[in-house]
Amino acid sequence: MSVAHPIVAVTGSSGAGTSTVKHAFSDMFRREGIKPVVIEGDSFHRYDRQAMKEKVAEYEEQGKILTHFGPEANELDKLEALFREYSERGTGKKRLYIHSEEEGEPYGQAPGTFTPWEPIDPDSHLLFYEGLHGGAVTDQVNVAQYVDLLVGVVPVVNLEWIQKIHRDCLNRGYSSEAVVQIILKRMPDYVHYICPQFSRAHINFQRVPLVDTSNPFIARDIPTPDESNVVIRFRDPHMADFPYYLSMLKDSFMSRPNTLVVPGGKMGLAMEIVLTPIIHDMMEKKRARG
C-alpha cells in the first residue's frame, strides 16, 4: 500500500448509488482540502460505443458473450499500470469516456467516444477511482493490490435488476424483455469478475429494500431510499468506531460484530461519517512523509 500517493477505489455496477457516492466523496475532499485525480472506470473500456456493438455481434456469431463486466471488454492491464505508477510516483495518464452530448461539447466529440490520453495533475493528493473494476483480480492482472482503501457499493441483486430495467427502458428505449436478456448474458461475468471484488473491499455499502422485490422483472417502481436499509460491512472491525457511528446515525444498529445497518435515506451521511476519519488519517500519514 502507498502512503505517499494514496489510491481510493469505489467499485460497483452502475445504479448502485453512484450520485450518492460522488457527492459524499466530493464533500469529504472539499472539507479536507484534498485535490484528487478522478478516474472513471468507463475510460478503461477497450472499445468505444460503436466498436463495442460490432464486437458484441462478432462474439455472438461465434457463440460467445462479451460484456463490460468481463476483462475482454476492458483494458485492465492499463488500469493496473496506472495504479502502480501512481502509487509509486504520483504520475500517470488518464482519459475520459464521453457519455452524453453535454460531456462531449468541450472536446468537440460525440457520445460513446474517448478523449485522448493526457498526463494527470502532478500536484494531486490522491487518486480516486469509481467504476466496475477497482478491486479486480484475474489470471493476468491484480488491480486491487495497489488500492489503499477499497469501497464496495452495491444493492442486493433484485434491486440492481429493478434499477437496470427501469433505467434502460426509460433512458435508452429498451423493452423489458431486451433488458432481461442483457442481464442474463452479463450474469457469468458478473459472478466471476464483479462479485469477488466485494470480498476484497475494506468496506461495503449494500442497499437492501424493505419492500417486496421477489419478482424484479414486474416491479413498477424502484424502492426509494426510505424503503431501504444500508448494510455496512467492515472487513476489519478494528478500523471502525461503532459507538460513534451509532450515536451519529439515528435508528442505526449492529447486526453482526463487523456490520452496521442504517436507514437507506442516511446512506450519504453514513458514508461521510464512516469514511472521513479514514481519509483524514490517510492524508495525515501522507503529510508526515512529506
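Residues numbered from 1 in each chain as written. Predicted model: local features only at pLDDT ≥ 70, side-chain atom pairs only at ≥ 80, totals over all residues. Heavy atoms only, no water.

You'll find the protein chain entered in an unreviewed UniProt entry as Phosphoribulokinase, with Nitrosococcus halophilus given as the organism. Note on the protein chain: under the UniProt heading Sequence similarities (unreviewed entry), the record states "Belongs to the phosphoribulokinase family." Per UniProt, the comment on the protein chain under Catalytic activity (unreviewed entry) is "D-ribulose 5-phosphate + ATP = D-ribulose 1,5-bisphosphate + ADP + H(+)". (UniProt positions renumbered as here; feature names shortened; annotations may be inferred.)

Digging into the overall build of the protein chain
Assigned secondary structure in the protein chain consists of eight helices and 10 strands. The C-alpha atoms of the protein chain give a radius of gyration of 19 Å, which matches the 19 Å a tight globule of 290 residues would have. Its C-alpha atoms give the protein chain principal-axis dimensions of about 55 × 45 × 40 Å. Burial status across the protein chain gives 46% buried among its 290 residues. For the protein chain, restricting intrachain contacts to residue pairs at least 6 apart in sequence, the fraction spanning at least 24 positions comes to 73%. Carbon and sulfur atoms form 52% of the exposed surface of the protein chain, whose accessible area is close to 14500 Å². Mean positive and mean negative side-chain charge positions of the protein chain (32 and 39 charges, respectively) differ by 3 Å. (Helix = DSSP H or I, 4+ residues; strand = E, 2+ residues; numbered from the N terminus. Rg over C-alpha atoms; globule rule 2.2 N^0.38 Å. Buried < 20%, exposed > 50% of the residue type's maximum accessible area, 1.4 Å probe, protein only. Contact = heavy atoms within 4.5 Å. Areas by Shrake-Rupley, 256 points an atom, 1.4 Å probe, with all protein chains shown as cover. Lys, Arg positive; Asp, Glu negative; His and termini not counted. Charge placed at Lys NZ, Arg CZ, Asp CG, Glu CD.)

Description of empty space enclosed by the protein
Across all of its chains, the model carries one cavity of 30 Å³ or more by this definition. In this structure, the largest cavity is lined by Phe-69, Glu-160, Trp-161, Ile-183, Arg-186, Met-187 and Tyr-190. The set of elements that each furnish at least two residues to the lining of the largest cavity consists of α5 (157-171) and α6 (176-200). Among the elements that line the lining of the largest cavity, the one with the most residues is α6, at four residues. Here the residues of the lining of the largest cavity sort into five nonpolar, no polar and two charged. (1 Å grid on protein atoms, 1.4 Å probe; cavity = no way out; pocket = protein on both sides within 12 Å on 5 of 7 lines; lining within 4 Å. Points joined across faces, edges and corners; volume = space filled by probe spheres on them. Nonpolar A, V, L, I, M, F, W, Y, C, P; charged D, E, K, R; others polar.)

Thoughts on the sheet that holds strand β7 (residues 203-209)
Taken in spatial order, the eight strands make up an open sheet running β2-β5-β1-β6-β7-β8-β10-β9, and their pairing is mixed. If you trace the sheet from one side to the other, it starts and ends with β2 (36-40) and β9 (253-256), each paired once. Averaged over all adjacent pairs, the angle separating strand axes in this sheet is 20°, with direction ignored. The pairing of β9 with strand β10 (residues 259-263) spans three bridges and is antiparallel. Within β10, the residue paired with Met-254 across the bridge is Leu-260. With respect to the sheet, helix α3 (residues 76-89) is in contact with β1 (7-11), β2 and β5 (126-131), its orientation differing from that of β5 by roughly 160°. Set on the sheet, α5 makes contact with β6 (149-155) and β7; between it and β6 the angle comes to about 70°. (Pairing = 2+ DSSP bridges. Axes fitted to C-alpha atoms, helices over the stretch in contact; angles between N-to-C directions.)

Some thoughts on α6
Tyr-190 marks where α6 bends most, by close to 55°. Taken residue by residue, α6 has Val-179, Ile-183, Asp-189, Tyr-190, Ile-194, Gln-197 and Phe-198 as its buried positions. For α6, the secondary structure elements touched by its buried residues are β1, β6, α5, β7 and β8 (228-234). (Bend = angle between axes of the 7 residues up to and from the residue.)

Some words on the nonpolar core
Counting residues in hydrophobic clusters, the biggest one holds 34 residues, and the most contacted among them are Phe-25, Phe-205, Ile-232, Tyr-245, Leu-275 and Ile-279. What Phe-25 contacts, discounting residues up to four positions off in sequence, is Val-8, Val-10, Phe-128, Leu-275 and Ile-279. Counting residues in each nonpolar core, the second largest holds 20 residues, with Ile-7, Phe-44, Val-147 and Ala-201 among its members. (Core = buried A, V, L, I, M, F, W, Y, C linked by side-chain atoms within 4.5 Å.)

Section: α3
A rise of 1.5 Å per residue sets the reference length of α3, with its 14 residues, at 20 Å; its end C-alpha atoms lie 20 Å apart and thus fit the reference within 8%. When α3 is considered as a whole, its buried residues turn out to be Leu-76, Leu-79, Glu-80, Leu-82, Phe-83, Tyr-86 and Ser-87. Buried residues of α3, viewed axially, fall in a sector of 160°; they line one side. In α3, those exposed residues whose orientation departs by more than 90 degrees from the buried face are Glu-88 and Arg-89. Where α3 is buried, its residues contact β1, β2, β3 (93-94) and β5. (Expected span 1.5 Å × (residues − 1). Arc of directions from axis to C-beta.)

So, the layout of surface pockets
Taken as a whole, the largest pocket encloses approximately 1500 Å³ of empty space. Every residue lining the largest pocket is counted, 45 residues in all, and those nearest its centre are Asp-42, His-45, His-68, Arg-167 and Arg-172. The set of elements that each furnish at least two residues to the lining of the largest pocket consists of β1, α1 (18-32), α2 (49-61), β5, α5 and α6. Top contributing element to the lining of the largest pocket by residue count: α2, with six residues. Partitioned by chemical class, the residues of the lining of the largest pocket number 15 nonpolar, 14 polar and 16 charged.

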